[in-house]
Amino acid sequence: MAEEKNTEVSVPELGKTAEERPKWDNKVQYLLTCIGFAVGLGNVWRFPYLCQTYGGGAFLIPYIIALIFEGIPLLHMELAIGQRLRQGSIGVWNSISPFLGGVGIGSLIVSFLVGLFYNTILAWVLWYFFHSFQDPLPWRDCPLNQNKTGYIEECAKSTPVNYFWYRETLNVTPNITDNGDLQWWMVICLASAWGIVYICFIRGIETIGKAVYVTATFPYLVLTIFLIRALTLPGATEGLVYLFTPKVQVLKDPKVWLDAATQIFFSLSLAFGGLIAFSSYNPQKNNCERDAVIVGVINSATSIYASIPIFAILGFKATSNYNDCLDGNILSITNAFNIGDQNVTRENYDSWLKHLNTTHSQEIEDLHLKHCNLQEFLDQSASGTGLAFIVFTEAVIKMPGSQVWAVLFFVMLFSLGLSSMFGNLEGILTPLLDLHVVPKWLPKEAFTGLICLISFLFALIFTMGSGNYWLEIFNNYVGSLPLLIIAFFEIISVVYIYGIGRFSDDIEWMTGRRPNLYWQATWRVISPGMLLVVFLAYIVVQVQQPATYAAWNPNYINFPMTETLDYPGWVFAICILLSSVPCIFIPIVAIYRFIQWIMRRVRQSQNRNPCENHAYEPELQ
Amino acid sequence: MLARVLLALSLVPALAQALCQPDGQDAYKVRLSIKTALGANAYEWNESEQFLFRATLAFAMRKYTGQETFNVSSVIVCDETPRVSFWFVVTNPNDTATLIPKNAVEEAIRLSRNRINSAFLLSDKTLQFLGIPPTLAPPSQPSLPVWLIVFGVVMGIVTTGILALIIIGFIQRKKKEKTIEDEDEEEKQERIMENGISCETLEGKDGVNNGAYSHDEDRLTQL
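None of these values were measured; they are calculated from a predicted model.

1. A closer look at a nonpolar patch on the surface
Residue and element names in this part refer to chain A.
Line of reasoning, step 1. Taken together, the side chains of I61, I64, I65, I68, F69, W257, V525 and I526 present a nonpolar region at the surface, about 630 Å² in accessible area.
Line of reasoning, step 2. For the nonpolar patch, the elements supplying multiple residues, two or more each, are α5 (60-85) and α25 (517-544).
Line of reasoning, step 3. With five residues, α5 is the single largest residue contributor to the nonpolar patch.
Line of reasoning, step 4. Relative to the helices and strands, I65 is located in helix α5.
Line of reasoning, step 5. A residue is classified by how much of its surface remains accessible, and I65, at 34% relative accessible area, is partly exposed.

2. Quick look at unusual backbone geometry
Line of reasoning, step 1. Across the junction of D135(A) and P136(A), the peptide omega takes the value 0°, indicating a cis bond.
Line of reasoning, step 2. Its place among the elements puts P136(A) in the loop between α7 (101-130) and α8 (153-157).
Line of reasoning, step 3. In the segment running from R83(B) into V84(B), the intervening peptide bond is cis, with an omega of -20°.
Line of reasoning, step 4. Along the chain, V84(B) turns up in the loop between β2 (75-81) and β3 (85-90).
Line of reasoning, step 5. The backbone of S269(A) sits at a positive phi, close to 55°, despite the residue not being glycine.
Line of reasoning, step 6. With respect to the helices and strands, S269(A) occurs in the loop between α14 (254-267) and α15 (274-280).
Line of reasoning, step 7. In this structure S269(A) comes out as buried when scored by relative accessible area, which is 8%.

3. Considerations on the interface of chain B and chain A
Line of reasoning, step 1. Counting residues at the interface gives 30 residues for chain B and 35 residues for chain A.
Line of reasoning, step 2. Roughly 2,700 Å² is buried in total at the junction of chain B and chain A, and carbon and sulfur atoms are behind 68% of that figure.
Line of reasoning, step 3. Across the pair E445(A) and R173(B) runs a salt bridge, and its minimum N-O distance is 3.5 Å.
Line of reasoning, step 4. The set of elements that each furnish at least two residues to the side of chain B that touches chain A consists of β1 (28-32), α2 (34-38) and α6 (146-190) of chain B.
Line of reasoning, step 5. At 16 residues, the largest contribution of residues to the side of chain B that touches chain A is made by α6(B).
Line of reasoning, step 6. Taken together, the residues that form the side of chain B that touches chain A break down as 18 nonpolar, seven polar and five charged.

4. Quick look at the sheet that holds β1(B)
Residues and elements named next belong to chain B.
Line of reasoning, step 1. If you trace the four strands from one edge of the open sheet to the other, you get β2-β3-β1-β4, paired in antiparallel fashion. Among the strands making up the open sheet, the edge pair consists of β2 and β4 (127-130). Averaged over neighbouring strand pairs, the angle between their axes works out to 25° when direction is ignored.
Line of reasoning, step 2. The pairing of β2 with β3 spans five bridges and is classified as antiparallel. Across the sheet, the residue bridging to T81 is S85, located in β3.
Line of reasoning, step 3. Against the sheet, helix α3 (residues 47-65) makes contact with β1, β2, β3 and β4, and its axis sits at roughly 140° relative to β2, the strand it touches most.

5. Quick look at the environment of W185(A)
Line of reasoning, step 1. Counting through the fold element by element, W185(A) comes out in helix α10 (residues 184-201).
Line of reasoning, step 2. Ignoring anything within four residues of it in the chain, the contact list for W185(A) reads W127(A), E168(A), T169(A), N171(A) and W147(B).
Line of reasoning, step 3. Of note is the side chain of W185(A), whose polar atom sits 3.4 Å from the backbone oxygen of E168(A).

6. What to know about the nonpolar core
Line of reasoning, step 1. Judged by nonpolar contacts, the single largest core of 190 residues is most densely connected at F410(A) and L413(A).
Line of reasoning, step 2. The biggest single contributor to this core is α7(A), with 19 residues.
Line of reasoning, step 3. When near neighbours in sequence (up to four residues on either side) are disregarded, L413(A) contacts L41(A), V44(A), W45(A), L122(A), V125(A) and A388(A).
Line of reasoning, step 4. Grouped together as the second largest cluster of nonpolar side chains are 29 residues, Y28(B), V90(B), I109(B) and L122(B) included.

What counts, and where the lines are drawn
Residues numbered from 1 in each chain as written. Chains lettered and ligands numbered in written order. Predicted model: local features only at pLDDT ≥ 70, side-chain atom pairs only at ≥ 80, totals over all residues. Heavy atoms only, no water. Patch = residues over 30% accessible without salt bridge, like charges linked within 9 Å, V, L, I, M, F, W, Y side chains within 5 Å. Areas by Shrake-Rupley, 256 points an atom, 1.4 Å probe, with all protein chains shown as cover. Salt bridge = Lys/Arg side-chain N within 4 Å of Asp/Glu carboxyl O. Helix = DSSP H or I, 4+ residues; strand = E, 2+ residues; numbered from the N terminus. Buried < 20%, exposed > 50% of the residue type's maximum accessible area, 1.4 Å probe, protein only. Contact = heavy atoms within 4.5 Å. Buried area = accessible area lost by both parts, 1.4 Å probe. Nonpolar A, V, L, I, M, F, W, Y, C, P; charged D, E, K, R; others polar. Pairing = 2+ DSSP bridges. Axes fitted to C-alpha atoms, helices over the stretch in contact; angles between N-to-C directions. Polar contact = N/O pair within 3.5 Å; in protein donor to acceptor, adjacent residues only side chain to side chain. Core = buried A, V, L, I, M, F, W, Y, C linked by side-chain atoms within 4.5 Å.

Put into C-alpha cells, the structure is as follows:
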C-alpha cells in the first residue's frame, strides 16, 4: 500500500503537440458551463415546490446552511481536484489511488444513466414546444369524440391539460407491466433532442463552450420576462405571499433539513464527474476557490429567483380557478332563481348566498354548489413534470398571448436542460478519452456521435407506453443514492487518502492562497459527516416508503385520481439494480486491485536476489 | 255576430296562453345572458326584443320547413322572468290549436342557430335553448399538423449544422496534417533535433565510452 502512496501522481505535460489537452477559450466559457451544468430543471421545478411545502421563507434557512456546509465545500473539492490532476473522473481517482478507480467508473455509469432519462424529459419539452405554435393551444380544449356529439370521455372526466399530457403526449398505459408500443411521435422528438445535443457536443468542450453562451444565459432572460409579466397578473401577490410566508415551526421537522441537504447536493450536480471533467481543461494556475463560491451562490440565487415568477403564475392560476369556481356557482344560483343576469357578482355572492339560504335553503342544497376556497387552490402544488406540463400549461392558456408565453417557457426549459446534459456527457466522454479506449483513427466527432447514438437507442425504452413510469424509476433510484455514495467516497479519498495537507499545498500552488479554516473544517469533518447523515436518513426514509407508483388509469373507479400501484417484483429488482450497479464498482475495483497487488507481492517474495536478472544470463558456451 | 267575434278574439290570447305551458311537451325554455355577453353594451330586454325573437324563430321555422306561412303570431311566449328567461311554443300556421312537435322545432333551431345568435349579438353559451346542446365546432385540422412543420424546421437546421461542423472539422484536420507535414520537412532541413537537443551541439563531441556495455572482450570466455 505504501508503494502506491509514494508514487508520483502523473500529470500530463503541457505542450505535447501530439495530444494537446483541449482547453477553454476563456474563463467566462468555463464559468458559464459550470453554472449551466449546476442550474438545471430542478432549480425551476423542484426548489419552488420544496419552498412551498416546507414553510415558505423559513426553508431558506436549512437551504443556505446546507449550501455553506455541504454544497460549496464539495464543489470546491471537485473543481480543485480536476484542475490539479487534469484528468476526467476515472483518471483522477486512479491517480489518487488505483484502489479507488471504482469511484470514477461509478460516476461514469451514473452520468450515462442520468443522461438517458434527462434527455427524454427534454424530448417532452420539445414536443410541447412544437405544439406551442398553434392557435388555440392544443391543451386548451378537449377533442371531440367520434360522433361529434360531445367530448372524449377521458378528457371530459379529467381536464384537457391532463388529457393532452397523459394521452396525446405519453399515451400512457395503465400500469408499468403493460409496455405498449413505441410512440412514433415521441421517438422523433427524442431523435431531435439527441440531434440538438449532438450538435453542441460534437467536438467536446470546443463546441460546448460556444453553445453555452446561449444556453446558460437565455434562461435568465426568460425568467426576467416572466417575472415582469407575472407580477402584473391578477392573483400574483396571493401566490407570492403564500410562497414566502415563513412558517418557522416547520424547521422542527427533520425531514425539512434532509430535503434541504439533498436538494443542495443534487442541485449542484456533484459526483457526476462532469465538474471534474470541466475543471480538468483549465490552466492549472486558476482560482478554483473563487469559481466554486461563484457557481454555488449563483445556483442557489437562480433557484430563489426562479421561484418568484413561478409562484406569481401559480397564484394567478389559483385565483383564476377560484374565480371560475365562484362563477360556476353564481351561474347555478342565477339560473335556478331566475335572478337578473349579473345581479349576483363575485363581491356580493356571499350576501346573496346567505339571504337565499335563509329563504330557500332546500333548493340551495339541491344545487350542490361547489365549495370554493382560494387556499385549497393555492395548496394544489406540484413539482417536476407535473409542474411544467400540467400546472404551468394550464396557467399559460389563461394568459393573454398564450402562444408567446408557452414558446418562451419551453425554450427556457430546454436550454436549462441542455446545459445540464453537457455536464452529463462530458462526464462520460472525458474519462473515456483519458483512458485511451478510443482508437486513434476514430475522430472525436465520430466518438461523440457514437455516444449520442447509443444513448438514444437505450432511451427508446422511455418512448414506450409505460415510459413515464420507467423514467420515474430512473429518476428516483439512479439520480439519488449512488450519487451520495460516490460523493462520500470522493471526499474521504481526497481528504484522507490523497491527504488534506497535500491537497492544501496543491490549492496553494494553484490559487496562491492556502485554504483557510472554513475549508479545512468542512472538508475534514462537516461535509463528510453531513453526507453520511443524509445518506443514512435517505435510506431510512426510502425503506419506510412503500414501493408504489401513481398510474394513470382511465378505468379506475376514482378516475381522474391516479391509481396507486405496487411495483411488481421484477421491476423492484431492477430498481435495486439501478441503485447498486454504479456503487458496486467501488468494491469490485478495489478487490481487483488488491488481488493484483497480492499476486505481485507473492511473485516478488519468490525472488531472493533483486539484482539477479534472469533475462540477462549469459549463455554458457 | 259582433259579440261572437269579440268573444273569439278574447279567447285567442287565453287559448294561446293555454298552449304555452312551462314544461310543456313541445315547449322549450330559452335563457339569455345579455349582460355577461355584452357587458357595457348590453341592451335592455323589452317587448320589441321579444318581437325580434319571435320573428327570428318564425324565420327559422320557415327556413326549415320551406313553408312560408309561419308568422310572428305562430310563436307564443310565456313565463318571462327578470333573468331573462322564458318558455315558447310554435303553433302550426294551418291549425293554430296544434303545436309543432319538439323535434321539428329543435331541428329548425339547429339549422339556423348561427343566424338566431347573431340577431341578438349572443353566442351558443349566452343564448341557451335548454335541451338543445350547442353545436360543437370541430377543431380546424390543417392538412399537415403544425407541430410537424416546426419539427421539420428544427431538424433541418440541426442536420445542416451537424453536417457543416463535421465537414469543417474534416477540412481543418486535413489542413493541420498538411501544415505539420510541411513543418516537419522544413524542420528536418533546418535543424535536426534529437531528444530536444540540437545535433549541432553534439558535433565535436565524441561521446563517452561506456565500459559497462562493451561486451566484445568478454564474449568468449578466455581459455
